[in-house]
Structure formats: C-alpha cells, structure tokens
Amino acid sequence: MSSLSRELVFLILQFLEEEKFKETVHRLEQESGFFFNMKYFEEKALAGEWDEVEKYLSGFTKVDDNRYSMKIFFEIRKQKYLEALDRHDRAKAVEILVKDLKVFSTFNEDLYKEIMHLLTLENFRENEQLSKYGDTKSARSIMLVELKKLIESNPLFREKLVVPTLKASRLRTLINQSLNWQHQMCKNPRPNPDIKTLFTDHSCSPPNGACAPTPVTLPVAAVAKPSTYAPLGAHGGPFPSAAAAANANALAGWMANANHYSSVQSAVIAASSSSLHVPQNQVSGLKHPRTPSNTLGMIEYASTDHEQLMKRLRSVQSVDEGSNVTSMDFHPSHHTLLTVGCSNGEISLWEVGMRERLVSKPFKIWDMAACSVPFQGSIVKDRSISVSRVAWSPDGNLIGVAFTKHLVHLHVYQGSNDLRPHLEIDAHVGRVNDLAFSHPNKKLCVVTCGDDKLIKVWDLAGSKLFNFEGHEAPVYSVCPHQKENIQFIFSTAVDGKIKAWLYDNMGSRVDYDAPGQWCTTMLYNADGSRLFSCGTSKDGDSFLVEWNESEGKIKRTYSGFRKNSTGVVQFDTTRNRFLAVGDDSQIKFWDMDNTNILTSTEAEGGLPNFPRLRFNKEGNLLVVTTAENGFKVLANANGLRELRAMEARSYEASRTPLEMKMSSSAMGTSISPVVSKVERVDSPARATPILNGVELMSRGIEKPINLEDVSDKTKTWELTEIVDPTQCRTVTMPDNLDTASKVARLLYTNSGVGVLALGTNGVQKLWKWSRSEQNPSGKATASIVPQHWQPNSGLLMTNDVPDNTEDSVPCIALSKNDSYVMSACGGKVSLFNMMTFKVMTTFMPPPPASTFLAFHPQDNNIIAIGMEDSAIHLYNVRVDEVKTKLKGHQKRITGLAFSNSLNILVSSGADAQLFFWNTDNWEKIKSVALQLPAAKAHQGDTRVQFHSDQVRLLVCHETQLAVYDVNKMACMRQWMQQEVLSSPISSAAFSCNSQLVYATFTDGNIGVFDTDSLRLRCRIAPSAYISPALSNSQTVHPLVVVAHPQEANQLAVGLTDGSVKVIEPSEAERKWGLPVPVDYGTENGRMTTSSTTNTSEQLQR
C-alpha cells in the first residue's frame, strides 16, 4: 500500500473515532496493520480477553516472525495457562497446553516439560520460579510491562506505535476543500449551492445569469461536525510540518516497517548508464519541478585537491567503436576489462590495457519461437535495436545486456575471449531501460525495468521471481541494495517518482519525488553508506543530490550545472569520495562532502554534450564516450602505470616465439593512443571498503615503474611470497586462552560482523566487531581487535561431549539470519540461540554421532546431518523427525553442500568419494571417486563447497584441491601437492566472490589460488602470522580456513593451539598477489577436463 493510502487510513481512523465507531476503529487498525493501539491492547489484556488480544496482535505479527514475537505470544499464553491453573480449571489448562503452548516445545523442550509439570502441582506457586506470583490482576500488570518492552523492541512494530498528530476533522476539511474546488470549476456557480451528496461531483445547475464563485458552506445535515475533536486515541506526537510532510513515510518509515528478508549476502549496486528517449506525450510529470534547497548552506572549500585532480588526469586511449556507445561497465575484479554496448545492438569486450577488442557480438535473436508475439511483430516491422544497458555480475562470470525492444541477454564469461550465450528473456513490453544484479536469499538474480512501468526480478534460469507494479510511467532505472539484513530495490520513473521495494510482492515502501521530476538514476557509494541521485528535468535543469536515507530527505544539492540543457546527465562515484558527471561536453567532479564543483575537464575535446562515463572498481581508470561513436579512457598515476606495464608486457611477448592468439589487426585499426596534455583525476591512496566481495581498489604493480624505460625493464610474473608480519595485517581473537582445545570448525556470521569458533572441547566462542570511527561498517577487519562476545548471563555455548573426545568430530552450521547455530561434538546435536546462548533444543543422540551439519537452503527447519555410520539424515526440527535417510558412503560423512539452482545435494566422506543426490526425491544420481595419487588408498576427510555460480564445486582432500562441474559430475581442474606446498592440505574455502581459493597446510603455510586455473598466486608463510615462539613448534598450524562473506581478500584461520586469526593483505597491496598469466605454464595445476566447457548448458540444466 502506498504512503498516500496509508495516510488515508489514518484519516479514516480519526473520522471513525470522532464518530464513536469504537469496534470498527480497532478492526481497521488490525486489518491495515498501520497502527498498533497500545492502550486498547492493554485494556483487553488487563480484562483477560485473551482471544481478542491474540486476534488483534495477529494483524501485526505471527508467532514465528522473530524472537520478540515468539516471546510476546509465549507470555500471553503462559499467563492464560497460569490463570486456568489458579482457577483449578484443569481441563482448560490442558487445552491451552496442547493447543497454544505446544508450538514452543520445538524451540525449548525443557521449558515445555517444566510448564507441563505444573499440572501435577496442587498450587503452581510451589514451583520456585512462580513462588512470587500474586493475584491475577497484579500478574497481568507485571506481564504488560514486559509485553510493552517486547513490542517496542520488535522491529515489526517500528513506526506503528504512534499516529501523526492531525488537525481536528482533517477528512472533513479535505472534503470541504474538494467541494469548494468543484464549485469554483462550475461554469455558472451559484452563491449558495445546495450540495446533497458526496457520491458524485458537484455541479451547479445553469442559472439565468453568471455568478462569481463563492466558497461552499456545507449544510449541517450533509456533514455533521462536532464542536470539539480529540486526536485519534490518546496517541499524539509532533506531526511533520507541511514542508516535511511531502516526504513523510519515505525512507525512514519504509526501512522501519520493512520485514527482514532472510538474506545477508550483499546486493549488487549497478549505476544505470543508459539513455532513455521519452516522447513528451508519454510523460505525466508535474508542471512545476521542485528545486530542493541546500540546507547545509555554502561551504568554503580550503583544499588543494582540485589542483591535484587537474594535474593528474590523462587521456590515454581513444577508441572508435563504429557505432554510438550507449552503455559501458568494467569487470568487477579485472580492472582493465571493459564491456561496451552500442546503438546497433552489438556488445564488445575490450582489454583497455592491451588496446585490444577481445570479443564482438552483434545483436542476434537466440530463439525467435520463444519470444512473445508483440516482440516478433515489432522486430519484423523494424529490425533496428539498441543496447540500453550492459552490466557485469558481481562475481564477474556473467554479463547482462538490456535492449530497447523487450529482450535481455545473459552471457557467460569464461576468460580471455570466451563469451557464450546463456539466457534470453523476453522481459518487458517495449524498451528495457535498465538492468542490475542482486542477491536475494543468497541467490544471484537479475533485476530489470521497462517502458511497461514494471520492475521484474529473474533467476538465472529465466524464471520470474517478482513482479513489482505501482509506477504510473515508464521505469527509468533500478538500484538494488542491502542495509544489514534488509534487501531492497530503488526504482525511478520518467514522471520523477522514486519507489522502493522489498522482495515480498507487498508493494512500494516509498513514494516521493526526485529533483527535476523526470529521468533520474540512483547510486550508492562504494561502501554502501551514502545514497546519491542524478538526473535532468524536462526543462533542462540537471540535479545531483545526496539523500538522507533515515528521513527520506535531500541532504545536499551539488551546484555547477549548465542551465537549460537538452538530454539527461549520467554520473558515477569512486573511492567513497568523488562524484563525476558528464555535462556540457565535459567531465565535472565533486568532492562528496562539498556542494561546489571541484574541477572539470574536456578530456582533449571530442566529447558529446552528455558523455556517458564509468569508473573501474579500482578508481584509477575512467571511461567516457566520445561524439565520434567511440570512447576514451582516462587514467590517474596508478592507472597509467598499470596500463603502461601491460603494454610493455604485450610488447615483450610479441618479441618472443610464444604463440599469441590474436589477429594481426586486433590492435590496429580502431585504436589511436592520445598523448595527453589534459590534467587528470586522482584521489589519495587510502584503504577502500569492499562491496559485495569485489575489491574496489588494489595496486596493479608492486613497485614503481619508470615509464620512460618500462619496455626495457619489464618484470615477468612472480609468485607473491608473504613471509614477514609487515607484509600483511593479522589480528588474533582475544580471550582465547584454552590452548588444550584445538579450533576444529570456524564460521563467519552471515552479516560479516563476527567470527564463531567451535573447539574440540565442544565450546563455541563468538567474537564481534562494532561500529566506530575507525570501522564505520562494523564488519570484521584485521585492523581492529574485536570483542569476545557473551550475553549478560555469562552463558557459554557448550555442546554435549562424550567422556572420550579423541574420536569426536565437531560440526557446526549457522542459520541464514544468524539467529541460531547448530553444533555437535560427539554427543547430541544442540540448537543454540545466538543472542542468549541458551540451548533451544537437542536431538540426534549418539550412537551414531553426527559428523557434519548443513541447513537446507530453502527451509531452515530441514537439516542435513552426516553421520559417523556413513548415513545422511534429513531431519525436520519442527516435528522432531528424521524424514529421509541417504545411504551409499562407506565411511563417515565429512562434507555436505546444497546447490540452490540445480536442486542437488553433494556429500563427501572419509572414503574419498562424492555422492550426488536429487533434493526433489532424494534419489542418488551418481557417485564419483576422487582421483588420488597411485599409492594413496581411498580414504581421508573430503570437504566440499559450491562456487557462487552454484554449478562448480570445490573439493578439498589432504592430497589435492579440485574443481568439479556438478552438471557433468566430472573434475574440471585439479591441483596436487608439489614442491612449493608439499605438506597435506588441512582445509580450503572459496573467497566470497569465488575468484580465489584459500587453502591451509599442516606445515602452517596458506596458499591463495586462482579459481579458474587452480594456479598458486600467493603463499602466506607461517612466519607472517604465527609468532616466532609458536612457529618453532611443529604442532601449530591451521586446521580450518574460512573466507569473509563480503570481503574477498579477508580470511580467518583456526589453529591447533586454540587461537583464531583474521588475516588481510597489507594496506599497500590490498590483495593477495597478481593473477597468474594465462600463458605462464601449467606446473601449478592441471586441467583434467576442458575449462571451456559450455557453462551455458550447465547453468540451464
């Protein structure tokens, strides 16, 4: 329901209260869910009207919505139960126990048993905890104090406990105003109109002569008005002023009322670079655009940054695409790889460092028969089609392309010049205006919008997951984002309306106007903490503003645009500090904290009136479109060094007998380098946050390069060796002194703010980072020591442990919302509440013991449990029942991994075998034995983890790392122990973006591998992160490694001495070495199956 509809409900509530329709008032409160009347709730609770209490609550929350809701319902039902016992009404007490309290037994069976035991007592006050229970009235009052605290703390009730302060009879006033307006619109208005109905518009009957308009005075009989009007209920509060009311219920109300979507992975922010031509007759905007004022006033900017900016910008390349460039996007981690979309429907890949077009794909309809009839008719009439948007997926494996007619294409990128079609979607009727990637429920999806006024969300198989309706004009852009656990999408339409959507089909949470009220794009800065929008009005006025999300208001408006321009400006941000806009045939720059323009450049000329532009994620390259159907690449000092070094490597390679796979004309005809005289943009080298696991800044070269003789002194690729503590950042978790217990299992929380360790003694420990000036995101970092976190009760999360723990296999799994952790250590499986550390329930007592745990990705109540006896149990926590048993392994289960997209469970065992199970019917599909060295018996713990594409699988065994194609159930690549790293492998994990593999070894070394090639790119020696006193001991080494869920270059290791360490690259490097060149040989790894298998077929399975 839109914000205007919400306000209308409040007006109706006020009217009903004024008219004394008491029951109807509370029924509307409950059914709309907009206002929770605490006074009414208290009245009913104190009166013991429990059915009405729960019925009223049901309009706002359900028992299992969150822990606050569960506690609210539990307290109410417990009170009802105790009152029945106090009346000695045993039959009623039993009924309440079975019907109302049984649901809580799933979460705390011991508590339920204790409540049940009260039935056996003559007076329940004999129970020690209830000995102070007084009479019914006082007990209800005490309960209400607790309930009020729970309701006020419950996020589902935010912004629902107060109503806006309204002037008396506000609805009547609005009706009067409407009737006055209707009367003034009459052709022949009468002095004293006789208005008898509100059901039809008022119109005066024609008189003998025209009369001047006069105000309408409603007859008392028409709309009776009492002499005094109290505000609705007893709930008042300051209502926003008229100016603020326009933005009421915007971001603040939306965020507060948002139901938390159970996903913590970060969504992709993709700024629209498209250009949308909208005929005037298609736009229904306001005639008088509002220009927001700069509430911060003018700020004196006493910095020389603009001088540094102008001294450093250089145009290094100019490229002729042959057709007008309509959209561009850099690869998220290969910072010189650029995707370009053109007005003729063609897309191309450019390696700007090599000045080479790697791939060119002209527009082609992949499956005409699958396309809609309207599209087929449209394309037959007019074959012309243009690219409106290109965008990389956050993992860099997919390219999304939106077209000006109906279609969206997804291409799979497999490296070099291998770009393959994956999926064609007939997405919208008419033009597809924007495209972006997001991660709802940890599943990579595509978000699109179009001229049909819709926003749609698609999975990678082409199924439509969500269809958002509510805009009244073509949707111009989309901006997916995530704030903590809330994922949402901003959208803008060509009537200037901004809306926000959660992934729940419940309608827009926001409805307000963008400056200029026409074409606008929205974009977050790199770390997702600041929101900007940029656009142009139909009158030609351009706006660049920063928003205050918490209030839904404009925080600052940037100045410096040319007046009355024709077209729509495009913008981008970089390094959490600068904004860049293409305007007036220039690139204009602003510091985010200053409204005055910082500097501008014409980039040696040749730019169109509104050049499109895009920064790479590192912030050292900026690509802009030219007026001559091409683009220019501008670079700062770091970018220049990286480009020159790549050129030099290319030049040296051309002088060697190595075979180069490129045509002789690949570099020649379309690129002409420009020796720059133009000043350039740069910003200081600082630690830059990471978004969605993709690093935004790194250094392409380890040492400064003399540009004059770079071609003569080119460095070949070398393995990066981290051997000294100064070469990386390490933090050791505090208060972890139990050296007798090894760290057997380790997890990051899904939100990325904590680390959870399980020791061989069965005790779990949690460390959390908090928000601070030094760590504004509150995410885990090696630069700050975290806090050893415990609840106020001082409880420890301690598992049931057998007397002999030597043979016990610790196992652990964390729910998607970080609310519950499930673990075992040779005994029963325990489910712990992560806030209180209390045991919610226990199950699956040995024998056999549990050896591996995994939550089902679609249902947290279903748990896959690997057992010591080699079986796999599919256990339903809610009904406390094993639904299915899977058998096939010969030894204990050591790994379980679900694929969301393929509906497959992969299991691994100490028998060095992989089993593939169909999760629809739990039938075995296939089993595969690992390819072990000849002298090695088929045994040893084997772990598995899915790649972010949900198709490739990482397999870790003490002898090897391997990547499997799950569709083909075959090994694609394999790395075996060798000279550099010859000790057994103890653990391995994908980085969050799946571009790296971290592996730990029993000699203390940590290897960092490129996923695509399984080649070693960096070795972290034990001397870099283990203190010398410990490193002399041969027993101290990592047993487990995990990767941060959002920071691609951060890992954590659990050691045999019980310590836990978080490790990151140094501030200077920011990443673990450089990618291994494709032609560097294969000694680090070997390919067992072609790495260029058709991923399109894999993903579509």
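Residues numbered from 1 in each chain as written. Predicted model: local features only at pLDDT ≥ 70, side-chain atom pairs only at ≥ 80, totals over all residues. Heavy atoms only, no water.

### Notes on the overall build of the protein chain
No. 1: The number of helices and strands found in the protein chain is 16 helices and 60 strands.
No. 2: Taken over 1101 residues, the protein chain has a buried fraction of 57%.
No. 3: Of the contacts formed within the protein chain by residues at least 6 apart in sequence, a portion of 58% connects residues at least 24 apart.
No. 4: About 46,300 Å² of surface is accessible on the protein chain, with carbon and sulfur atoms providing 50% of the total. (Helix = DSSP H or I, 4+ residues; strand = E, 2+ residues; numbered from the N terminus. Buried < 20%, exposed > 50% of the residue type's maximum accessible area, 1.4 Å probe, protein only. Contact = heavy atoms within 4.5 Å. Areas by Shrake-Rupley, 256 points an atom, 1.4 Å probe, with all protein chains shown as cover.)

### A look at a negative patch on the surface
No. 1: Where like charges cluster on the molecular surface, the negative patch consists of Glu 806, Asp 807, Glu 868 and Asp 869.
No. 2: Considering the arrangement of structural elements, one finds Asp 869 in the loop between strand 42 (862-867) and strand 43 (872-876). (Patch = residues over 30% accessible without salt bridge, like charges linked within 9 Å, V, L, I, M, F, W, Y side chains within 5 Å. Salt bridge = Lys/Arg side-chain N within 4 Å of Asp/Glu carboxyl O. Lys, Arg positive; Asp, Glu negative; His and termini not counted. Charge placed at Lys NZ, Arg CZ, Asp CG, Glu CD.)

### Some details on helix 4 (residues 50-57)
The periodicity of an α-helix, 3.6 residues per turn, causes residues three or four positions apart to be oriented the same way.
No. 1: For helix 4, a buried count of six out of eight residues is recorded, marking the element as mostly surrounded by other parts of the structure.
No. 2: Of the residues making up helix 4, those classed as buried are Trp 50, Glu 52, Val 53, Glu 54, Tyr 56 and Leu 57.

### Focus on the packing of helix 3 (residues 38-46) against helix 8 (residues 136-153)
No. 1: Where helix 3 meets helix 8, the axes come as close as 10 Å, and the angle between the chain directions of the two elements is 150°. By the angle class used here, helix 3 and helix 8 are roughly antiparallel. The handedness of the crossing between helix 3 and helix 8 is right-handed. Contacts from Met 38, Phe 41, Glu 42, Ala 45 and Leu 46 in helix 3 reach Arg 140, Ser 141, Met 143, Leu 144, Leu 147, Lys 148 and Ile 151 in helix 8.
No. 2: Class assignment of the residues belonging to the contact of helix 3 with helix 8 gives a composition of eight nonpolar, one polar and three charged. (Axes fitted to C-alpha atoms, helices over the stretch in contact; angles between N-to-C directions. Parallel < 35°, antiparallel > 145°, perpendicular 65-115°, else oblique. Left-handed = near helix turned anticlockwise from the far one by under 90°. Nonpolar A, V, L, I, M, F, W, Y, C, P; charged D, E, K, R; others polar.)

### Some details on unusual backbone geometry
No. 1: Here the amide bond leading from Pro 846 into Pro 847 is cis, since omega sits at -5°, within 30 degrees of zero.
No. 2: Structurally, Pro 847 can be placed in the loop between strand 40 (839-843) and strand 41 (850-855).
No. 3: Unlike most non-glycine residues, Arg 575 shows phi in positive territory, near 55°.
No. 4: In this structure, Met 844 is a non-glycine residue whose phi angle is positive, near 55°.
No. 5: Here Met 844 falls in the buried class, since its relative accessible area comes to 12%.

### Let's talk about the nonpolar core
No. 1: In this structure, Phe 36, Phe 41, Tyr 81, Leu 101 and Met 822 are the most contacted members of the largest nonpolar core, which totals 59 residues.
No. 2: Broken down by element, this core gets its largest block of residues, nine residues, from helix 5 (residues 67-86).
No. 3: Dropping the residues within four chain positions of it, Leu 101 is found in contact with Phe 74, Arg 77, Lys 78, Tyr 81, Ile 96, Tyr 112 and Ile 115. (Core = buried A, V, L, I, M, F, W, Y, C linked by side-chain atoms within 4.5 Å.)

### Observations regarding the sheet that holds strand 45 (residues 893-899)
No. 1: Strands sit in the order 45-46-47-48 across an open sheet of four strands; the sheet is antiparallel. Single-partner strands in this sheet number two, and they are strand 45 and strand 48 (924-929). Averaged over all neighbouring strand pairs, the angle between strand axes comes to 15°, with direction disregarded. (Pairing = 2+ DSSP bridges.)

### What about helix 2 (residues 22-32)?
No. 1: Along helix 2, the residues that are buried comprise Val 25, His 26, Glu 29 and Gln 30. In a view along the axis of helix 2, the buried residues occupy a sector of 130°, so they form one face of it. When the buried face of helix 2 is taken as reference, the exposed residues oriented beyond 90 degrees from it are Glu 23 and Glu 31.
No. 2: Residue Gly 33 follows helix 2 closely and has a positive phi angle near 70°. (Arc of directions from axis to C-beta.)

### Considerations on the pairing of strand 46 (residues 904-909)
Side-chain positions along a regular strand alternate between the two faces of the sheet.
No. 1: Of all six residues that make up strand 46, six are buried, and the element is covered over most of its length.
No. 2: Side chains Ile 904, Val 906 and Ser 908 project from strand 46 onto one buried face, and the interleaved Leu 905, Ser 907 and Gly 909 project onto a second face that is buried too.
No. 3: Alignment of strand 45 against strand 46, held across six bridges, turns out to be antiparallel. Looking at strand 46, one finds that Gly 895 is bridged to Ser 908.
No. 4: Between strand 45 and strand 46, which pair antiparallel and follow one another directly, the connecting turn spans four residues, one of which, Asn 903, has a positive phi of 55°.
No. 5: Here strand 46 folds back onto strand 47 (residues 913-918) in antiparallel fashion, the turn holding three residues, of which Ala 912 has a positive phi close to 60°.

### As for the pairing of strand 41
No. 1: A large share of strand 41 lies buried, amounting to six of its six residues.
No. 2: In this sheet, strand 42 lies alongside strand 41 in antiparallel orientation, the contact comprising five bridges. Pairing of Phe 855 across the sheet is with Ile 863, part of strand 42.
No. 3: Connecting the antiparallel pair strand 41 and strand 42 is a turn made up of six residues.

### A few points about the pattern of salt bridges
No. 1: Following the criterion strictly, the structure yields 33 salt bridges and no others.
No. 2: Arg 577 serves as the salt-bridge partner of Asp 591, at 3.2 Å between the closest nitrogen and oxygen. Here the residue Asp 591 occupies a position in strand 24 (residues 586-591), and Arg 577 occupies one in the loop between strand 22 (570-574) and strand 23 (578-583), the gap between them amounting to 14 residues.
No. 3: We note a salt bridge from Arg 729 to Glu 1064, for which the minimum N-O separation is 3.8 Å. One end of the pair, Arg 729, is in strand 31 (residues 728-732); the other, Glu 1064, is in strand 59 (residues 1060-1065), and 335 residues separate them in sequence.
No. 4: Among the residues examined, Glu 1064 registers a relative accessible area of 9% and is labelled buried.

### So, the sheet that holds strand 41
No. 1: Sheet architecture is open: four strands sit in the order 41-42-43-44, paired in antiparallel fashion. Unpaired on one side and paired on the other, strand 41 and strand 44 (881-886) mark the two borders of the sheet. Between one strand axis and the next, the sheet turns by 25° as a mean value, whatever way the strands run.

### Here we look at the packing of aromatic side chains
No. 1: What the rule picks out here adds up to 24 aromatic pairs.
No. 2: Aromatic side chains Phe 36 and Phe 41 sit 5.2 Å apart centroid to centroid with 50° between the ring planes, which places their arrangement in the tilted category. Taken individually, Phe 36 and Phe 41 each receive the classification buried, so the pair is uniform in this respect.
No. 3: Look at Phe 466 and Phe 468: their rings are 5.8 Å apart centre to centre, the planes differ by 15°, and that puts the pair in the stacked class. (Phe/Tyr/Trp six-rings, centres within 6.5 Å; stacked < 30°, edge-to-face > 60°.)

### A closer look at the environment of Val 723
No. 1: The residue Val 723 is located in the loop between strand 30 (720-722) and strand 31 in this model.
No. 2: In the structure, Val 723 is positioned 298 residues away from Ala 1021 in sequence and 5.0 Å away in space, judged by C-alpha atoms.
No. 3: If sequence neighbours within four positions are ignored, Val 723 has contacts with Arg 1019, Ala 1021, Ser 1023 and Ala 1024.

### Comments concerning the environment of Asp 64
No. 1: Position of Asp 64 relative to the elements: it lies in the loop between helix 4 and helix 5.
No. 2: Measuring from C-alpha to C-alpha, the distance between Asp 64 and Phe 104 comes to 9.6 Å, with 40 residues separating the pair along the chain.

### Examining the environment of Asp 583
No. 1: Its location among the elements puts Asp 583 in strand 23.
No. 2: In the structure, Asp 583 is positioned 41 residues away from Ser 542 in sequence and 8.9 Å away in space, judged by C-alpha atoms.
No. 3: Filtering out sequence-adjacent residues up to four positions away, Asp 583 remains in contact with Phe 561, Arg 562, Val 569, Lys 588, Asn 609, Phe 610 and Pro 611.

### Some remarks on the side chain of Asp 495
No. 1: Its place among the elements puts Asp 495 in the loop between strand 15 (486-493) and strand 16 (497-502).
No. 2: Although Asp 495 is buried, it makes no salt bridge; Lys 497 carries the closest opposite charge, 6.5 Å away.
No. 3: A polar contact of 3.1 Å, which involves the side chain of Asp 495, links it to the backbone nitrogen of Lys 497. (Polar contact = N/O pair within 3.5 Å; in protein donor to acceptor, adjacent residues only side chain to side chain.)

### Some points on the confidence of the model for the protein chain
No. 1: Considering every residue of the protein chain, the mean pLDDT works out to 79; 79% of them sit at 70 or more.
No. 2: Across residues 208-312, where pLDDT falls below 50, the model places 266 contacts with residues more than four positions away in sequence or in other chains. (pLDDT = per-residue confidence, 0-100.)

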